[in-house]
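Spelled out from the first residue to the last, the chains are:
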Amino acid sequence: MQSTKRDTPRPVRLKDYKPHAYTIDKVDLKVSLHTRQTRVAASLHVKRNPLSVVEGGPLHLDGELLQLEHISLDRAPLSRASYRVTDSELVIDRVPSAPFTLDLVTIVDPEANKALQGLYRSRGIYCTQCEAQGFRRITYFLDRPDVLARYTVRIEADAEEAPVLLSNGNLVERGMLDRGRRAYAVWKDPFPKPAYLFALVGGDLSSISSTFRTMSGREIDLRIYLEHGKESRAHWAMDALKRAMRWDEKRFGREYDLDHFKIVAVSDFNMGAMENKGLNIFNDRLILASRETATDTIFEAIESVVAHEYFHNWTGNRITCRDWFQLCLKEGLTVFRDQEFSGDERSATVQRISDVRQLRALQFSEDAGPLAHPVRPETYIEINNFYTATVYEKGAELVRMIATLLGAKDFRAGMDLYFERHDGQAATVEDFIACFEEASGRDLKQFMTWYRQAGTPQLLCSFAYDKARKSAELKVEQVLPPTPGETRKKPLHIPLRLGLISPSGREIEVLRDDGTTVRDGVLEVTERSHVFRFRDIPSRPVPSLLRGFSAPVNLSIDLSDRDLEFLIATDGDLFNRWQAANTYAMRTLVALVRSLTAGKRSTRGGAYARAIEASLRDRKLEPSYRAEMLRLPTEADVARELAHDVDPLLIHRAHRQLARLIANTVGPTLERLYDEMTGHGPFSPDAASAGRRALRNTVLTMLSMRGGKADHTRLAQHYSAATNMTDQAHSLNLLCHIGTPDTAAAVAHFYDCWKDDHVVIDTWFAAQAQAPIDTTVALVRDLTVHPLYAMTSPNKVRALIGAFALNNPVQFNRPDGAGYSLVVDQVLALDPINPQIAARMLASFRSWRSLEAHRQQQARKALQRVARVPSLSRDVYEIVTRILEG
Ligand code: BES
Ligand code: ZN
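My aim in this report is to walk through the structure given alongside it, one point at a time. Given the structure is predicted, the values throughout are model-derived calculations rather than measurements.

**Some details on the coordination of the zinc ion (ligand 2)**
Coordination of the zinc ion (ligand 2) by the protein comes from His-308 (NE2), His-312 (NE2), Glu-331 (OE) and Glu-331 (OE), over a distance range of 1.9 to 2.7 Å. Around the zinc ion (ligand 2), the six donor atoms are arranged such that angles at the metal cover 53 to 162°; this shape is classified as irregular. In the primary structure, the donors to the zinc ion (ligand 2) are separated according to the pattern H-x3-H-x18-E. Highlighted residues: His-308 in helix H2 (residues 296–311) and Glu-331 in helix H3 (residues 327–345), separated in sequence by 23 residues. Take His-308 and Glu-331: they sit in the same class, and that class is buried.

In structure tokens:
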């Protein structure tokens, strides 16, 4: 059984942080692996914490779901009266004031562990997941990130079941026991680390290997472990790893520190991947890739996740977090680093566009609803609920804003200082910011508010040109909408990058009225309202604001359709050119929804299609960029823009209508592009080839929406002619989405092809769950008892339930509430098994208050059904409480 709430769970608060009275600086583990009874012998070197100001007192060690077999202190067994065991702690009343050794033997049951925290088995492989608080399910410990220890780990297992035995650091010794029946290995990690970075793996795994020569000439052994027979699918991940290692040396001067770097791919994993020191563990869907089995999106994700986890070696591992409130210190910073890496490896503009799309989709919607929280939260009940888009994506935006405000040189100097000063430490956001202040001489006090204050600021701008004076004025007002528990907001320090474009399409030099230039075009907004004045402007320009999305805000400026068309045609900042197209599309979609609401017909959309047509045909623009120009805002994007009284069905209709209008208006251009982008020659996952496929597939979407007979034929042929998973999966999704006479055959065919591949088959589950048709709810229910589905596999739950709740707004938000019931049933069934995933699924309700009244009513009923359950996990309890109250 998992930990469940008995009384109301108690929140943890940032302001209560204090160093622990004790610390543990050395850990010796002997782990004897058995499916149901793994024996963990831990020898802990405990001492008084020199940083603590309080007296020693009783020693409280964290521990959950452990069976304590033995306990001794300095080799003397403890009497039963001298310690207490609860379901979350081991308490020893009296311990020496001098350093001592605590020896513990605990028994754990990996096979029964379906929460996938601590030690568990995934398709026969023993593995661990300790972040955030999983180590306490392996042995009793001070399971907090500011307790850093050196680990030596001896692992023993049945030699046939687990010939491969891995842990962090360097291999010291390995061999056989018991006349070859048992294998053992000893690993030693020279770097002190918090328990959440501990990892252990045992199993019958295959591997591929390679080497990397670091900038100082050291040769690193690289190895990826995975299921037998899948070796050829790991080469892309290996390639990405080497590119990431080189990039971190070049861009940040960071060299790898151990002699070995290992990655293990496992099937059952709550997250995408984990940065355990020297032994990263990955969800296998983010390692395995081949032309036949992985989409370009997956190739790209593998590259960025491999890089992300590798980058943690410096931002997370060498410098870790003092406490879990500082999570953005490692995650936001590391996301920033992986975004920069992907931008350098691919197209920086397209990378930025997709990061911004993702930020808006996930983080802005979180910030606008009951689950809004600051990048550095001040309180939590279950820390697993705070691995959010706000901590990650907005956290990355804050680092990006610092880089924008300081400029590249001072930013790098601040990073260098951070690495130098805090190496080996458990740091805070304040420590991080202080490095940039010192390196640049700038005051970032007001900037700190970004970390403490939730919500997405609005920047209300208006621009006026004075022909007589040849000057212009930009008024900027920052409005900070209230969020749950936080009504009064302080003004933020916002970098606002701007450009001014002359009527002939030229970039005008931005001169303030006092004659000073604006460095990199970045204005700094610090007050609630500003007026910026510019001079020497010969004719009325069009402002291009928030270039590169220089701050995570909602910008509004009263540009006319003509202005947007002008920007789409001329803006030299390609990010903003895309932004103009996106704004135009959104404006059109909102107008279409409003006419549908009023029961009127509208044919708006032709102008938008014509505005982007030139870009679509512009050969100077990369295909991947043109694909972004063509891709419409999603239905969820439109719902977020509307914010109130949302009817997902009307949005869906408006969305289809616009796609159809585009296909009707610029059909010949699209048809030509479809042919032109057809792949010839061998497959390559590189960005340029992927971009051509992306453009061709986006075009296919538009043309298929038109729904003519020829369009359906093209779509069916696209599916059957596909020679790679990008094309196959895209057309399968489209067939399910649109529903054509060919849909059923394709679904059956895909199943036949991929039923034996547990990674690829998830595409089949998701495609069906996303179909916006009335039969989907019943189908998804049926699929939850399909032999290839398993509630114990997070990937399956995400593919089926997650895809339904997040990517099928029409059916999830059915007026009869059947979509909500389905998800709530699954959440409640899952909660006793895997509360972390159950809570994530429940969070798909986070925008329920923006719905129209009837659906709100249905959603409330569904949520109340969860809230009434007496034995909820802390995870689900916290989410349901916040969602209902906020
Ligand atoms: N440290 C996290 C993994 C993690 C998160 C473990 C929550 C335990 C609880 C890892 O570095 C991470 O951030 N992974 C992301 C992918 C990344 C590219 C953003 C993930 O797993 O989604
Ligand atoms: Zn991370």
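**Remarks on the sheet that holds strand E21 (residues 279–283)**
Pairing within the open sheet is mixed, and its five strands lie in the order E17-E18-E19-E21-E20. Each edge of the open sheet is held by one strand with a lone partner, namely strand E17 (206–213) and strand E20 (273–274).

**Re the sheet that holds strand E11 (residues 125–129)**
In spatial order, the strands read E10-E11-E16-E13; together these four strands make up an open sheet with antiparallel pairing. At either end of the open sheet lies a strand with only one pairing partner, and these are strand E10 (118–122) and strand E13 (164–167). Across the sheet, the mean angle from the axis of one strand to that of its neighbour is 15°, orientation sign disregarded. Where E11 and strand E16 (residues 200–203) come together, two bridges link them in antiparallel fashion. For Cys-127, the partnering residue across the bridge sits in E16 and is Val-201.

**Concerning the packing of aromatic side chains**
For the coordinates displayed, the defined rule picks out 36 aromatic pairs. Across from the ring centre of Tyr-184, 4.3 Å away, lies the NZ or CZ of Arg-154, which sits over that ring. Between the NZ or CZ atom of Arg-254 and the centre of the ring of Trp-314, over which it lies, the distance is 4.6 Å.

**Re the pairing of strand E3 (residues 38–48)**
Bridge count for strand E2 (residues 22–32) against E3 is ten bridges, and the pairing is antiparallel. Looking at the pairing, Ile-24 lines up with Val-46 of E3. Adjacent in sequence and paired antiparallel, E2 and E3 are bridged by five residues.

**Some words on empty space enclosed by the protein**
For the coordinates displayed, the defined rule picks out three cavities of 30 Å³ or more. As a volume, the second largest cavity reaches approximately 80 Å³. If you go around the second largest cavity, the residues you meet are Ser-122, Arg-123, Ile-125, Leu-205, Leu-226, Glu-227, Lys-230, Ala-265, Val-266, Ser-267, Asp-284 and Leu-288. Looking at side-chain class alone, the lining of the second largest cavity contains six nonpolar, two polar and four charged residues.

**Quick notes on the side chain of Asn-317**
Of note, Asn-317 is situated in the loop between H2 and strand E22 (320–321). For Asn-317, a relative accessible area of 7% translates into the label buried.

**Points about helix H6 (residues 408–422)**
In this model H6 runs 21 Å from its N-terminal to its C-terminal C-alpha over 15 residues, within 8% of the 21 Å that 1.5 Å per residue would give. Those residues of H6 not exposed but buried are Phe-411, Gly-414, Met-415, Leu-417, Tyr-418, Phe-419 and His-422. Elements in contact with the buried residues of H6: helix H1 (235–252), H3, helix H5 (389–406), strand E24 (426–427) and helix H7 (429–440). A positive phi of about 85° marks Gly-424, the residue just after H6.

**Some words on the site of ligand 1**
Near ligand 1 lie 15 residues; those nearest to it are Glu-131, Gly-272, Glu-275, Glu-309 and Tyr-392. Within the side chain of Glu-275, an N or O atom sits 2.6 Å from a nitrogen atom of ligand 1. Out of a free accessible area of 510 Å², ligand 1 has 88% covered by protein chains. Mapped onto the shell around ligand 1, the elements with two or more residues apiece are E20, H2 and H3. With three residues, H2 is the single largest residue contributor to the shell around ligand 1. Among the residues forming the shell around ligand 1, the class breakdown is six nonpolar, four polar and five charged.

**Quick word on the pattern of salt bridges**
For the coordinates displayed, the defined rule picks out 78 salt bridges. The partner of Arg-337 in a salt bridge is Asp-248, and the shortest N-O contact between them spans 2.8 Å. Pair noted here: Arg-337 is in helix H3 and Asp-248 is in helix H1, with a separation of 89 residues, a long-range link. Linked by salt bridges that have partners in common, Asp-239, Arg-243, Glu-300, Glu-303, Glu-345 and Arg-346 make up one network.

**Focus: unusual backbone geometry**
Here the amide bond leading from Glu-131 into Ala-132 is cis, since omega sits at -5°, within 30 degrees of zero. Tracing the sequence through the fold places Ala-132 in the loop between E11 and strand E12 (149–158). Unusually for a residue other than glycine, Asp-645 sits at a positive phi of about 55°. Topologically, Asp-645 is positioned in the loop between helix H13 (635–642) and helix H14 (648–665). On the accessibility criterion, Asp-645 (59% relative accessible area) is exposed.

**What to know about the packing of helix H17 (residues 709–721) against helix H18 (residues 725–738)**
Contact geometry of H17 with H18 gives a least axis separation of 8 Å together with a crossing angle of 140°. Considering their axes alone, H17 and H18 lie oblique with respect to each other. Along this stretch, H17 crosses H18, giving a crossing that reads as left-handed. Between H17 and H18, the residues in contact are His-712, Leu-715, His-718 and Tyr-719 and Asp-727, Gln-728, Ser-731, Leu-732, Leu-734, Leu-735 and Ile-738, respectively. Residue composition of the contact of H17 with H18, grouped by class: six nonpolar, four polar and one charged.

**With respect to the environment of Gln-453**
Examined against the element boundaries, Gln-453 turns out to sit in the loop between helix H8 (449–452) and strand E25 (458–466). Judged by relative accessible area, Gln-453 falls into the buried class, the value being 8%. Put simply, Gln-453 and His-373 are 80 residues apart on the chain and 7.5 Å apart in space, counted from C-alpha to C-alpha. Contact partners of Gln-453, with chain neighbours within four places excluded, come to Pro-374, Lys-394, Leu-480, Glu-486, Lys-489, Lys-490 and Leu-492. Of the polar contacts made by the side chain of Gln-453, one reaches the backbone nitrogen of Lys-490; its length is 2.8 Å.

**Focus on helix H9 (residues 561–570)**
Those residues of H9 not exposed but buried are Asp-563, Leu-564, Phe-566, Leu-567 and Ile-568. Buried residues along H9 sit against strand E27 (494–501), strand E31 (542–545), helix H10 (574–597), helix H11 (606–617) and helix H12 (623–630).

**Looking at the packing of H18 against helix H19 (residues 743–754)**
Two numbers describe how H18 lies on H19: the axes approach to 9 Å, and their chain directions differ by 140°. In terms of their interaxial angle, H18 and H19 are classed as oblique. Between H18 and H19 lies a crossing whose hand is left-handed. Residues Met-725, Gln-728, Leu-732, Leu-735 and Cys-736 of H18 form the contact with H19, whose participating residues are Thr-743, Ala-746, Val-747, His-749, Phe-750, Cys-753 and Trp-754. Partitioning the contact of H18 with H19 into residue classes produces nine nonpolar, three polar and no charged.

**A look at the state of the cysteines**
One pass over the structure, following the stated rule, counts zero disulfides. The thiol of Cys-130 is unpaired, and the distance to the nearest cysteine sulfur, on Cys-127, comes to 10 Å. Its relative accessible area of 0% is what places Cys-130 among the buried residues. We note that Cys-736 lacks a disulfide partner, and the nearest cysteine sulfur, in Cys-753, lies 14 Å from it. A residue is classified by how much of its surface remains accessible, and Cys-736, at 6% relative accessible area, is buried.

**Describing the environment of Thr-516**
Its location among the elements puts Thr-516 in the loop between strand E28 (507–508) and strand E29 (522–525). The class of Thr-516 is partly exposed, set by a relative accessible area of 40%. Here Asp-514 takes part through its side chain, which lies 2.7 Å from a polar atom of the side chain of Thr-516.

**A look at the nonpolar core**
Leu-102, Phe-432, Tyr-451, Leu-474 and Phe-845 are the most contacted members of the largest nonpolar core, which has 289 residues in total. In terms of residue count, the dominant contributor to this core is H10 (eleven residues). For Phe-845, the residues in contact, after removing those within four places along its chain, are Phe-812, Tyr-820, Val-823, Val-824, Ala-859, Ala-862, Leu-863 and Ile-883.

How each quantity is defined
Within any chain, residue numbers begin from 1 and follow the written order of that chain's sequence. Key to labels: chains lettered from A, ligands numbered from 1, both in the order written. Predicted model: local features are reported for residues with pLDDT of at least 70 only, side-chain atom pairs are reported and counted for 80 or more only, and whole-chain, interface and lining totals are derived from all residues. Side-chain measures here rest on the full set of heavy atoms in the structure, leaving out hydrogens and waters. Coordinating N, O and S atoms are those within 2.8 Å of the metal (3.2 Å for Na, K and Ca), and as water is not part of the atoms, a site may appear to have fewer donors than expected. Key to geometry: four donors with every angle between 85 and 135 degrees are tetrahedral; four donors are square planar and six octahedral where opposite donors lie over 155 degrees apart and all remaining angles lie between 65 and 115; all other sites are irregular. Helix and strand definitions follow DSSP, with helices as H or I runs of at least four residues and strands as E runs of at least two, each counted in order from the N terminus. Partly exposed residues are those whose accessible area sits between 20% and 50% of the maximum for their type, while under 20% is buried and over 50% is exposed, using a 1.4 Å probe and protein chains only. The pairing criterion is simple: DSSP has to find at least two bridges between the two strands. Between N-to-C directions, angles cover 0 to 180 degrees, with each direction set by a line fitted to C-alpha atoms, over the stretch in contact for helices. Note on ring pairs: Phe, Tyr and Trp rings are taken, using the six-membered ring of Trp, and paired if centres are within 6.5 Å. Classes follow the plane angle, with under 30 degrees stacked, over 60 edge-to-face and the rest tilted. Charge-over-ring contacts are defined here by two conditions on Lys NZ or Arg CZ: a distance within 6 Å of the ring centre and an angle within 35 degrees of the ring normal. Put simply, the grid is 1 Å and covers the protein atoms alone, a cavity is a trapped set of points that fit a 1.4 Å probe, a pocket is an open set with protein on both sides within 12 Å along at least five of seven lines, and lining residues have an atom within 4 Å of a point. Grid points are joined across faces, edges and corners, and a volume is the space filled by probe spheres set on the points. We call Asp, Glu, Lys and Arg charged. Ala, Val, Leu, Ile, Met, Phe, Trp, Tyr, Cys and Pro are nonpolar, and the rest, Gly among them, are polar. The span you would expect from a helix comes to 1.5 Å times its residue count less one. By the convention used here, residues are in contact when the closest approach between their heavy atoms is within 4.5 Å. We call a residue near a given molecule or strand whenever any one of its heavy atoms falls within 4 Å of it. We call two N or O atoms a polar contact when they sit within 3.5 Å, provided that within protein one can donate a hydrogen and the other can accept it, with sequence-adjacent residues counted only if both atoms are side-chain atoms. Here the accessible surface of atoms and residues is derived via Shrake-Rupley with a 1.4 Å probe, and residues count as covered only by protein chains that are part of the display. Any carboxyl oxygen of Asp or Glu within 4 Å of a side-chain nitrogen of Lys or Arg constitutes a salt bridge here. Comment on the angle field: the value is read as roughly parallel under 35 degrees, roughly antiparallel over 145, roughly perpendicular from 65 to 115, and oblique elsewhere. We call a crossing left-handed when the near helix sits turned anticlockwise from the far one by less than a right angle, and right-handed when that turn is clockwise. Whenever a pair of cysteine sulfur atoms sits within 2.5 Å, that pair is classed as a disulfide. Throughout this description, the term nonpolar core refers to a set of buried Ala, Val, Leu, Ile, Met, Phe, Trp, Tyr and Cys residues connected via side-chain atoms within 4.5 Å.

Shape is all these values report; function is a separate question.
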